[in-house]
Amino acid sequence: MNVVFAVKQYISKMIEDSGPGMKVLLMDKETTGIVSMVYTQSEILQKEVYLFERIDSQNREIMKHLKAICFLRPMKENVDYLIQELRRPKYSIYFIYFSNVISKSDVKSLAEADEQEVVAEVQEFYGDYIAVNPHLFSLNILGCCQGRNWDPAQLSRTTQGLTALLLSLKKCPMIRYQLSSEAAKRLAECVKQVITKEYELFEFRRTEVPPLLLILDRCDDAITPLLNQWTYQAMVHELLGINNNRIDLSRVPGISKDLREVVLSAENDEFYANNMYLNFAEIGSNIKNLMEDFQKKKPKEQQKLESIADMKAFVENYPQFKKMSGTVSKHVTVVGELSRLVSERNLLEVSEVEQELACQNDHSSALQNIKRLLQNPKVTEFDAARLVMLYALHYERHSSNSLPGLMLDLRNKGVSEKYRKLVSAVVEYGGKRVRGSDLFSPKDAVAITKQFLKGLKGVENVYTQHQPFLHETLDHLIKGKLKENLYPYLGPSTLRDRPQDIIVFIIGGATYEEALTVYNLNRTTPGVRTVLGGTTVHNTKSFLEEVLASGLHSRSKESSQVTSRSASRR
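Within an unreviewed UniProt entry, the label attached to the protein reads Vacuolar protein sorting-associated protein 45, and the organism entered is Vicugna pacos. In its Function (unreviewed entry) section, the UniProt entry covering the protein states "May play a role in vesicle-mediated protein trafficking from the Golgi stack through the trans-Golgi network." Word for word, the UniProt comment on the protein under Sequence similarities (unreviewed entry) is "Belongs to the STXBP/unc-18/SEC1 family."

Undergrad: In this structure, what is going on with the overall build of the protein? I would like to understand it.
TA: Looking only at helices and strands, the protein features 21 helices and 18 strands. With 570 residues in all, the protein has 51% of them scored as buried. Sequence-distant contacts in the protein: of pairs separated by 6 or more residues, those separated by 24 or more amount to 82%. Carbon and sulfur atoms form 51% of the exposed surface of the protein, whose accessible area is close to 27,700 Å².

Undergrad: What am I meant to see in helix α6 (residues 152-168) here?
TA: Since the α-helix advances by 3.6 residues per turn, residues separated by three or four positions end up pointing in the same direction. Taking 1.5 Å per residue, 17 residues should reach 24 Å; α6 reaches 24 Å between its end C-alpha atoms and fits that length. Along α6, 12 of the 17 residues are buried, which leaves the element largely enclosed by surrounding structure. Of the residues making up α6, those classed as buried are Leu 155, Arg 157, Thr 158, Thr 159, Gly 161, Leu 162, Thr 163, Ala 164, Leu 165, Leu 166, Leu 167 and Ser 168. If you check the start of α6, you find a side-chain oxygen 3.0 Å away from the backbone N of Ala 153, and it comes from Asp 151. With its phi angle positive at about 60 degrees, Lys 170 sits one or two positions after the end of α6.

Undergrad: How do you make sense of the nonpolar core when you look at a structure like this?
TA: One broad rule of soluble globular proteins: the nonpolar side chains tend to lie buried together. Counting residues in each nonpolar core, the largest one holds 158 residues, and the members touching the most others are Ile 215 and Ile 507. Looking at this core element by element, the count peaks at 10 residues for helix α14 (residues 381-394). Excluding residues within four positions of it along the chain, Ile 215 makes contact with Leu 162, Ile 175, Arg 176, Tyr 177, Gln 178, Ala 184, Leu 187, Ala 188, Phe 505 and Ile 507. If you look at the next biggest cluster of nonpolar residues, it comprises 19 residues, including Val 24, Leu 72, Val 79 and Tyr 94.

Undergrad: I would appreciate a short explanation of the packing of helix α4 (residues 76-87) against helix α5 (residues 104-113) in the present structure.
TA: In helix packing, the relevant descriptors are the interaxial angle and the interaxial distance, both defined with respect to the helix axes. α5 packs onto α4 with a crossing angle of 20 degrees between their chain directions and a minimal axis gap of 8 Å. Taken together, α4 and α5 sit at an angle that is classed as roughly parallel. Regarding α4 and α5, the two cross each other, and that crossing is right-handed. Here Val 79, Leu 82, Ile 83, Leu 86 and Arg 87 of α4 come into contact with α5, specifically with Asp 106, Ser 109, Leu 110 and Ala 113. Residues that form the contact of α4 with α5 fall into these classes: six nonpolar, one polar and two charged.

Undergrad: Help me out: how do you make sense of the side chain of Asp 269 in this one?
TA: In this structure, Asp 269 sits in the loop between β14 (261-263) and α9 (270-275). In contact with Asp 269, not counting residues within four places along its chain, are Leu 264, Thr 327, Lys 330 and His 331.

Undergrad: What's the story with the packing of aromatic side chains in this structure? I'm lost.
TA: A ring pair, where both rings are aromatic, is described by two values, the distance of the centres and the angle of the planes. Applying the stated criterion across every chain, the model contains 12 aromatic pairs. Between Tyr 129 and Phe 137, the aromatic rings sit 5.7 Å apart at their centres with planes inclined by 65 degrees, giving edge-to-face as the arrangement. Under the relative-accessibility criterion, Tyr 129 is labelled buried at 0%. A relative accessible area of 0% means that Phe 137 is categorised as buried. Relative to Phe 204, the ring of Phe 202 has its centre 6.3 Å away and its plane inclined at 70 degrees; by these criteria the two rings are edge-to-face. Here the aromatic residues Tyr 10, Tyr 97 and Phe 125 are joined through ring pairs into a cluster of three or more.

Undergrad: Even after reading the chapter, I still don't get the packing of α6 against helix α7 (residues 182-197), so can you show me in this structure?
TA: Close contact between α6 and α7 brings their axes to 10 Å; oriented N to C, the two are set at 55 degrees. Here α6 lies oblique to α7, going by the angle between them. The handedness of the crossing between α6 and α7 comes out as right-handed. Of α7, the residues touching α6 (which contributes Leu 155, Thr 158, Thr 159, Leu 162, Thr 163 and Leu 166) are Arg 186, Leu 187, Cys 190, Val 191, Val 194 and Ile 195. Among the residues forming the contact of α6 with α7, the class breakdown is eight nonpolar, three polar and one charged.

Undergrad: Help me out: how do you make sense of the side chain of Asp 501 in this one?
TA: Locating Asp 501 in the fold gives a position in strand β15 (residues 501-507). Among the polar contacts made by the side chain of Asp 501, one reaches the side chain of Lys 171 at a distance of 2.8 Å. Filtering out sequence-adjacent residues up to four positions away, Asp 501 remains in contact with Met 1, Lys 171, Pro 211, Leu 212 and Arg 529.

Undergrad: How do you make sense of the sheet that holds strand β10 (residues 174-177) when you look at a structure like this?
TA: Picture the strands of a sheet paired through backbone hydrogen bonds; they go either parallel or antiparallel. Here we have six strands laid out as an open sheet, ordered β6-β7-β17-β15-β11-β10, and mixed in their pairing. The open sheet has two edge strands with one neighbour each: β6 (130-133) and β10. The sheet shows a mean angle of 25 degrees between the axes of neighbouring strands, direction not considered. By the bridge criterion, six bridges tie β15 to strand β17 (residues 529-534) in an arrangement that is parallel. When the bridges of β17 are listed, Asp 501 appears paired with Arg 529.

Undergrad: Looking at this structure, I do not really get the sheet that holds strand β12 (residues 242-243). What am I missing?
TA: A sheet is described by the order of its strands in space; here three strands give the open sequence β12-β13-β14, paired in antiparallel fashion. Every other strand in the sheet has two partners, leaving β12 and β14 as the edge strands with one partner each. Of the pairings in the sheet, the one linking β12 to strand β13 (residues 246-248) comprises two bridges and is antiparallel in character. Counted as the bridge partner of Asn 243 is Arg 246 from β13.

Definitions and cut-offs
- Residues numbered from 1 in each chain as written.
- Predicted model: local features only at pLDDT ≥ 70, side-chain atom pairs only at ≥ 80, totals over all residues.
- Heavy atoms only, no water.
- UniProt positions renumbered as here; feature names shortened; annotations may be inferred.
- Helix = DSSP H or I, 4+ residues; strand = E, 2+ residues; numbered from the N terminus.
- Buried < 20%, exposed > 50% of the residue type's maximum accessible area, 1.4 Å probe, protein only.
- Contact = heavy atoms within 4.5 Å.
- Areas by Shrake-Rupley, 256 points an atom, 1.4 Å probe, with all protein chains shown as cover.
- Expected span 1.5 Å × (residues − 1).
- Polar contact = N/O pair within 3.5 Å; in protein donor to acceptor, adjacent residues only side chain to side chain.
- Core = buried A, V, L, I, M, F, W, Y, C linked by side-chain atoms within 4.5 Å.
- Axes fitted to C-alpha atoms, helices over the stretch in contact; angles between N-to-C directions.
- Parallel < 35°, antiparallel > 145°, perpendicular 65-115°, else oblique.
- Left-handed = near helix turned anticlockwise from the far one by under 90°.
- Nonpolar A, V, L, I, M, F, W, Y, C, P; charged D, E, K, R; others polar.
- Phe/Tyr/Trp six-rings, centres within 6.5 Å; stacked < 30°, edge-to-face > 60°.
- Pairing = 2+ DSSP bridges.

What follows is the structure, encoded as structure tokens:
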């Protein structure tokens, strides 16, 4: 179950099927992102694809010597663009691939437009999602719900993305969903409808244990996306932002022109692939080793290129050297910027208190530490508000709750109204009233003992004590202990055996910390393969945008129950 490999295979097959000769790849805005996540331009160039164009670009030239490979989402506007294209074809022959199920009527419209008979093929290849890591996918949707219910357009896109994922991995799963979330149940029903309607597509070879799709809601764990991160990939996303593997470094002081935007992709960057899940401290020493290695391989200035053989050797090694030089300068710049931000924003101290708020139950110590940090001028308004949000979620119903006092401290610190309002919005989004689970206090004796022993042993790293709630959910699922009254099956049948192939999908977005949890589970649990997906992959900034987009913050406490009840009637 490797989503990067699945999408890559589709694209290779498209290019192979079009045969030898020069080609143009014609895409839309979304499929451009989908392709760029799994292939670099230079890799595709090697397959005789010399031109990349957008179907919506108005000023494309006529090039009859090129074959066109069209990879498009099956949307009305794309079908309309194709109809125009086929009436006045710019290329010699067209191979058309839709990233999802296309209706018969659309195919008929295309056939009618193809008067010059330039279409060689129309197929469905289900690469309709962003493959981020081998076990992590996203749909790049920010703001999927209005209140507690789906935005209809986003529900439709999410259903398409999730069913395409199942088809690309050749899985016809049983479905479980989080009962406390209306949105999770709705998505489960929509996916089931597609499987029933397109039953011929889902007729895969039966496995002994059927695959399982588990649909969860971000509201159940609003803590994870609020925490600072200390593993490489998660930290880069939290502090710099990763957008389809691209990182914008244009704001970095004194940045050189060629490093203003860099690409971090485990597919073609060995250092990143080996370090993306390691802690920041380890990255530092690995960067040093990379530098030393680079220095050794550097062609020495005093090395005279006297003979033809010397020159030939230099030229042969130069591309490798240039690639290594690019890798070194990229990672040194990224790690350098992360270090600068950590010290400038006092993030080690901030993160320690965040971890205390997420993992421990000492109210007075937490309160003192937050108050102390709110006085510190190095702590930004963003980090100050984040600490108060974590406090508000954890100690929402504590008898000595001091939220009003902390809100006053935020105001006195000069934190903008936007961030102060977000504190109550986050509680409205993921507070105790909404959660189907208990995030903070382990209830049974076994869990309490485990926590106590963990405390005795001491955690390896004070900054990475937190385990996302997903860890416990998956652990229970694999052991057959996930309660059916909280996570029911859709339909009458249930799974009797331990699941082997699990697809988890989080409405409202997953995080890189949860992706790390899944990566570690896959490594340590033989016989179980898990893939994680979300409407998007969040850092704290995008998660707060998600909360804002849901519109929950604008309701008063009294009206919220009434509003959500009437909204679900729509």
